[in-house]
Amino acid sequence: MLTMKDIVRDPDPRLRTKAEEVTDIDGETVSQLKEMREYVINSQDAETAEKYGLRPGVGLAAPQIGLNKRMLAIYVENEDGEAEYDYMLINPKVKSHSVNQTYLPGGEGCLSVDEDIEGLVHRYQRIRVTATTTDGEKIEIKAKGYLAVILQHELDHLDGILFYDHIDKDFPNDPKIGAKPLE
């Protein structure tokens, strides 16, 4: 089971490295991705999170656990405690995105960044992502709103980008013209 001790923390240079494509979906790769998904699920369960000292997260990218692989896991529950979004993606790529942007009004956080960094992170409102599943199936995800924000945050990790790189240094809390807050 992954815990916070397994999470690579900023300023570790592995977080600033562009991850390599996964060329073979072998048992080890599938196992690593399942462990990443399990961390995210466990971190959202209050009892488990407290027992193991897990910070809550909705996504985890391979570089965040020291793996130089283009893969990520996302898990978000709805109000009924059921999976609303549940993805384990290998070699995800943005196929297209909207012109319109959005942002989380409270800013973003990251398991790999220990301090709170104030500022708005502007993201595309909608994106289309292609990826491969652990079964080798090619899929396309049309995401909007919260899922689009999560995907962009995790995809950034695969390119060595951290969320605070997107914050305007001079005007950190000013929304871009036309950007709408995510509700």
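Model, not experiment: these values are computed from the prediction.

Caption draft 1: Region of interest: the sheet that holds strand S2 (residues 71-77). Strand order in the open sheet formed by five strands is S1-S2-S3-S6-S7, with antiparallel pairing between adjacent strands. Since the sheet does not close on itself, it has two edges, and those belong to strand S1 (59-61) and strand S7 (138-144), each with one partner. Recorded for the sheet is a direction-independent mean angle of 40° between the axes of neighbouring strands. Across seven bridges, strand S6 (residues 126-132) lies against S7 in antiparallel orientation. Paired with Ile127 across the bridge in S7 is Ala143. The strands touched by helix H1 (residues 27-44) within the sheet are S1, S2 and strand S3 (83-97), with S2 carrying the most contacts at an inclination of about 30°. Across the sheet, helix H3 (residues 145-158) is in contact with S1, S2, S3, S6 and S7; its angle to S2 comes to roughly 155°.

Caption draft 2: Layout of the UniProt feature "active site" (unreviewed entry) in the protein chain. Look at the UniProt record and you will see "active site" (unreviewed entry) annotated at Glu154. Its location among the elements puts Glu154 in helix H3. Relative accessible area serves as the criterion here: at 5%, Glu154 is assigned to the buried category. With residues near it in sequence (within four places) discarded, Glu154 still touches Gly59, Leu60, Ala61, Gln64, Leu72 and Ile74.

Caption draft 3: Seen up close, the UniProt feature "binding site: Fe cation" (unreviewed entry) in the protein chain. UniProt's feature table lists "binding site: Fe cation" (unreviewed entry) at Cys110, His153 and His157, given in the numbering used throughout. A compact arrangement is adopted by the annotated residues: their sequence extent is 48 residues, whereas the largest C-alpha distance between any two is 10.3 Å. Along the chain, the position of His153 falls in helix H3. Excluding its chain neighbours within four sequence positions, the residues that come into contact with His153 are Glu108, Gly109, Cys110, Arg123 and Phe163. Within the local environment of His153, its side chain forms a polar contact with the side chain of Glu108, the two groups lying 2.8 Å apart. Structurally, His157 can be placed in helix H3. By relative accessible area, which is 2% here, His157 ends up buried.

Rules and cut-offs
- Residues numbered from 1 in each chain as written.
- Predicted model: local features only at pLDDT ≥ 70, side-chain atom pairs only at ≥ 80, totals over all residues.
- Heavy atoms only, no water.
- Pairing = 2+ DSSP bridges.
- Helix = DSSP H or I, 4+ residues; strand = E, 2+ residues; numbered from the N terminus.
- Axes fitted to C-alpha atoms, helices over the stretch in contact; angles between N-to-C directions.
- Contact = heavy atoms within 4.5 Å.
- UniProt positions renumbered as here; feature names shortened; annotations may be inferred.
- Buried < 20%, exposed > 50% of the residue type's maximum accessible area, 1.4 Å probe, protein only.
- Polar contact = N/O pair within 3.5 Å; in protein donor to acceptor, adjacent residues only side chain to side chain.

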